[in-house]
Amino acid sequence: MTETLWNRSVDHDTFRQALAVHAAGVVVITAQSEGVPAGLTATSFSSVSLEPPLVSFCVDRDSATWPRLRAADHFAVNILTSDQASLAARFASKGVDRFAEPTRWRPGPLGAPLLQDVSAHLVCLPHQTVDVGDHILVVGLVAEVSVRDRGLPLLYHRGRFGRFVAHP
């Protein structure tokens, strides 16, 4: 029975529908390569380990931004607040200058762009990358953290950005 189950293929649309009901936090990954800032929106961000401090995200292997992120010697994870949906959408868009106005950012201590008004920044050194299916799993060693806790997190659910509402 197990062999039969593993030989089945899951329909892509049904799989996407199932994943869409899972709410995920939203971050923007930024880096600078050869003096040019690069960045993308990720909903696959996760903590991996406390000792050593490791985090991860996944990026589509066909991403036009990935080669520039991969070439950087470090990257920043910008944890977005609930009022930054337009920023998340901008960094998820193709064919736009993601760092032009109205994006507000500054170079971090090692040079990676740090977005303004986010809840937290994590500056990471590349630790490991693993090819997994049609994505690349990127693991970063957290070298510096700055927490501003500017409110509620931005969430992604059913193809839309939204806000967290706590139970009373």
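These figures come from a predicted structure and were not determined experimentally.

Caption draft 1: How the structure looks around the environment of Phe45. With respect to the helices and strands, Phe45 occurs in the loop between strand E3 (36-42) and strand E4 (46-49). For Phe45, the residues in contact, after removing those within four places along its chain, are Val27, Val55, Ser56, Phe57, Val77 and Ile79.

Caption draft 2: Representation of the sheet that holds strand E2 (residues 27-33) in the model. The 7 strands lie next to each other as E3-E2-E6-E9-E10-E5-E4, forming an open sheet whose pairing is antiparallel. The open sheet has two edge strands, E3 and E4, and neither has a second partner. Pairwise comparison of adjacent strand axes, ignoring direction, gives a mean angle of 35° for this sheet. On top of the sheet, helix H4 (residues 85-92) reaches E2 and E3; it is set at about 115° to E3, its chief contact.

Caption draft 3: Spatial organisation of the pairing of E2. E2 sits mainly inside the fold: 6 of its 7 residues count as buried. Pairing geometry for E2 and E3, over 7 bridges, is antiparallel. From the neighbouring strand, Gln32 faces E3, where its bridge partner is Pro37. Strand direction decides the pairing type here: E2 and strand E6 (residues 75-79), joined by 4 bridges, are antiparallel. Following the sheet pairing, Val28 is matched in E6 by Asn78.

Caption draft 4: Structural context of the packing of aromatic side chains. Per the stated rule, a full pass over the model turns up 4 aromatic pairs. Here the aromatic rings of Phe91 and Phe99 are separated by 5.1 Å at their centres, their planes lie at 90°, and the arrangement is edge-to-face. Judged by relative accessible area, Phe91 falls into the buried class, the value being 1%. Here the aromatic cluster, defined as three or more aromatic residues joined through ring pairs, consists of Phe91, Phe99 and Trp105.

Caption draft 5: Local environment of a nonpolar patch on the surface. A cluster of nonpolar side chains, namely Val10, Phe15 and Leu19, defines an oily patch on the protein surface of about 310 Å² accessible area. Mapped onto the elements, Leu19 comes out in helix H2 (residues 12-20).

Caption draft 6: Structural context of the sheet that holds strand E12 (residues 160-163). Here we have 3 strands laid out as an open sheet, ordered E1-E11-E12, and antiparallel in their pairing. Edge positions in the sheet fall to strand E1 (24-25) and E12, since each has one partner strand and no second. Where strand E11 (residues 154-157) meets E12, 4 bridges bridge the pair, whose relative direction is antiparallel. Residue pairing across strands places Leu154 opposite Arg163, the latter belonging to E12.

Rules of the game
- Residues numbered from 1 in each chain as written.
- Predicted model: local features only at pLDDT ≥ 70, side-chain atom pairs only at ≥ 80, totals over all residues.
- Heavy atoms only, no water.
- Helix = DSSP H or I, 4+ residues; strand = E, 2+ residues; numbered from the N terminus.
- Contact = heavy atoms within 4.5 Å.
- Pairing = 2+ DSSP bridges.
- Axes fitted to C-alpha atoms, helices over the stretch in contact; angles between N-to-C directions.
- Buried < 20%, exposed > 50% of the residue type's maximum accessible area, 1.4 Å probe, protein only.
- Phe/Tyr/Trp six-rings, centres within 6.5 Å; stacked < 30°, edge-to-face > 60°.
- Patch = residues over 30% accessible without salt bridge, like charges linked within 9 Å, V, L, I, M, F, W, Y side chains within 5 Å.
- Areas by Shrake-Rupley, 256 points an atom, 1.4 Å probe, with all protein chains shown as cover.
- Salt bridge = Lys/Arg side-chain N within 4 Å of Asp/Glu carboxyl O.

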